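# Tertiary structure, described
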Amino acid sequence: MGESVRRVVIVAFDDAQILDVACPSGALEIANSHGAAPPYVVELATVHGRTTRSSSGIMLAGARRLADVAGRMDTVIVVGGAGTGAAAADERLLTQVRRLAGLSRRVASVCTGAFVLAAAGLLDDRRATTHWGYGELLAATFPAVRVDSAPLYIRDGNVFTSAGVISALDLTLALIEDDCGPTLAREVARELVTYLHRPANQAQISTFLAAPPPGNRVVRDLLGYITAHLAEDLSPSALAARAGVTTRHLTRLFTAQLGSTPARTVRTARTEAAAQLARSTALPLSAVARRCGFASAETLRTAFRQYYGISGDTLRRMTDMPRPIST
C-alpha cells in the first residue's frame, strides 16, 4: 500500500463500545468520499482475529489478528467500552499495541481506551483525557499519566486521547483536518449532520440544550454555536453579526423562541456547563471559569449563587446536580 493510502488500524476487543469503532471508521469513509488524498484505509484488529462481540451484542466481523498486522501505518486507534478492564490486563494485546505504536505515525484512544494505552506505557509523562466518569480512576491507576478529564480530546506529541464515545467523532474530525485541511473536515461534518467539530478544550459536558429545539433556524444554529464556543465572544452584537441580523432583531427572536434574551441565554449556558465541569473534575474554579467564558473565579461564584443559590464549594460537594432557582 505504501504512501498511496493512509492506513488506520482500529484495535478492538470483546465488549468494546461499537460507537468507538463506528465514529472513526464512518467519518474516515465519508472523508474518502469527499476526496481525501491519500485516501484512508481502515482495518479492524483484535488479539485473536476473529469476529468480536461489542458491548451491545452486535458482532464485529472482518477483524485481523493483531500479530499479523505488519508494515508502516498512519494511525492506530484503541477503542474503549465495557471490556476495557480485561483488555488493559491482557498482556498479549498490550504487547501488540506497543508494537503497532512503534510502526505508526500517531496513536489515539477513544473513551476508556486510554486505560489500554496507559497500561501499555504509552501515556507515561503525557497529558491525557478519558470519559469524565473515569478520570479519577485513570489517574489513581496510572500515576505517571497527567490526567485531565475535562477536554473533549488532547494531543500530546503524536498521541491523542479523547473523552466519551461521541467525542471520537470530534477527535476524528481533528485528525482529518490535520491531514486534509479544514475545508474537507467541514464537508465531512456537514454530511454527518454534526456541528462542524468542537474544539479540543471544550468541556465534555454542557447541559444547556433547548427542549424541544427552537423552530427558528437562526436561534437553533446560534444555540449550537454558543454551547460549542463558551469561552469565545458571545456578546449580543457578536452573535447578531454571526447570524447576519441586527442586535435588536436577535433579541426579539430569542425572546420569542426561548423566553430569554441572548445575554441571559449565554450566561445560563456558561453557568450550567461550569457547574458540570466543576463537579466532574478537580480543576480549580479559575480554570473552570476560563474554559466556560467567565472573566474570573469570583464572577463564576456569583453566577452559581444567582443561578443555583449555593456557592461553588457547596456545588462540588453535592451528589446530584442542583436545580436552578432562576433561569
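Keep in mind the model is a prediction, meaning the values are calculated, not measured.

## A closer look at the environment of Leu253
Tracing the chain through its elements places Leu253 in helix α10 (residues 247-258). Sequence separation between Leu253 and Ala140 is 113 residues, and the spatial gap between their C-alpha atoms is 48 Å. Other than its neighbours up to four places away in sequence, Leu253 contacts Asn216, Val218 and Val219.

## Re the nonpolar core
Counting 64 residues, the largest nonpolar core has Leu93, Val116 and Ile176 as its most contacted members. With seven residues, helix α6 (residues 167-180) is the single largest residue contributor to this core. Counting 36 residues, the second largest nonpolar core, distinct from the first, contains Leu222, Leu250, Ala287 and Val288.

## As for the side chain of Asp179
Of note, Asp179 is situated in helix α6. Looking at Asp179, its side chain comes within polar contact range of the side chain of Arg105, at 3.0 Å. Leave out the neighbours within four places in its chain, and Asp179 touches Arg6, Tyr40, Asp74, Arg105 and Arg106.

## Things to note about the confidence of the model for the chain
On average, residues of the chain carry a pLDDT of 88, and 91% of them reach 70 or more. With pLDDT under 50 throughout, residues 205-211 is counted as low confidence; its partners more than four residues away or in other chains account for 16 contacts.

## Observations regarding the pairing of strand β2 (residues 40-46)
Most of β2 is tucked away, with five of its seven residues classed as buried. With six bridges connecting them, strand β1 (residues 6-11) and β2 associate as parallel partners. Paired with Arg7 across the strands is Val41, a residue of β2. Viewed along the sheet, the connection from β1 through helix α1 (residues 18-33) into β2 turns out right-handed. Sheet topology places β2 next to strand β5 (residues 64-65); two bridges connect them, and they run parallel. Among the inter-strand pairings, Thr46 is bridged to a residue of β5, identified as Arg65.

## Observations regarding the pairing of strand β7 (residues 104-109)
Two faces, one strand: in a regular strand the side chains alternate between the faces of the sheet. Across the six residues that make up β7, a large majority, five, are buried. Across five bridges, strand β6 (residues 73-78) lies against β7 in parallel orientation. Within β7, the residue paired with Val78 across the bridge is Ser109. Sheet topology note: the β7/strand β11 (residues 159-162) ladder contains three bridges and is parallel.

## Concerning the pattern of salt bridges
In total, this model carries 19 salt bridges according to the counting rule given. The salt bridge partner of Arg92 is Asp90, with a shortest N-O separation of 3.1 Å. A relative accessible area of 48% places Arg92 in the partly exposed class. Look at Asp90 and you get buried, because its relative accessible area is 17%.

## Some points on the state of the cysteines
Here, disulfide denotes a covalent bond that connects the sulfur atoms of two cysteines. Within the structure shown, the criterion is met by zero disulfides. Distance from the sulfur of Cys111, which forms no disulfide, to the nearest cysteine sulfur (Cys23) is 11 Å. A relative accessible area of 7% means that Cys111 is categorised as buried. Free cysteine Cys180: the closest other cysteine sulfur is in Cys23, separated by 18 Å. Given a relative accessible area of 25%, Cys180 falls into the partly exposed group.

## Description of the packing of aromatic side chains
Under the criterion given, the structure shown has three aromatic pairs. Considering the side-chain rings of Tyr307 and Tyr308, the 4.8 Å spacing of their centres and the 80° angle between planes classify their relative orientation as edge-to-face. For the pair formed by Tyr307 and Tyr308, the shared burial category is buried. Within the aromatic cluster, the residues linked to one another by ring pairs are Phe304, Tyr307 and Tyr308. The ring of Tyr40 has Arg6 lying over it, and the distance from NZ or CZ to the ring centre is 5.5 Å.

What counts and how
- Residues numbered from 1 in each chain as written.
- Predicted model: local features only at pLDDT ≥ 70, side-chain atom pairs only at ≥ 80, totals over all residues.
- Heavy atoms only, no water.
- Helix = DSSP H or I, 4+ residues; strand = E, 2+ residues; numbered from the N terminus.
- Contact = heavy atoms within 4.5 Å.
- Core = buried A, V, L, I, M, F, W, Y, C linked by side-chain atoms within 4.5 Å.
- Buried < 20%, exposed > 50% of the residue type's maximum accessible area, 1.4 Å probe, protein only.
- Polar contact = N/O pair within 3.5 Å; in protein donor to acceptor, adjacent residues only side chain to side chain.
- pLDDT = per-residue confidence, 0-100.
- Pairing = 2+ DSSP bridges.
- Right-handed = clockwise from strand over helix to strand, strands pointing away.
- Salt bridge = Lys/Arg side-chain N within 4 Å of Asp/Glu carboxyl O.
- Disulfide = S-S within 2.5 Å.
- Phe/Tyr/Trp six-rings, centres within 6.5 Å; stacked < 30°, edge-to-face > 60°.
- Lys NZ or Arg CZ within 6 Å of the ring centre and 35° of its normal.

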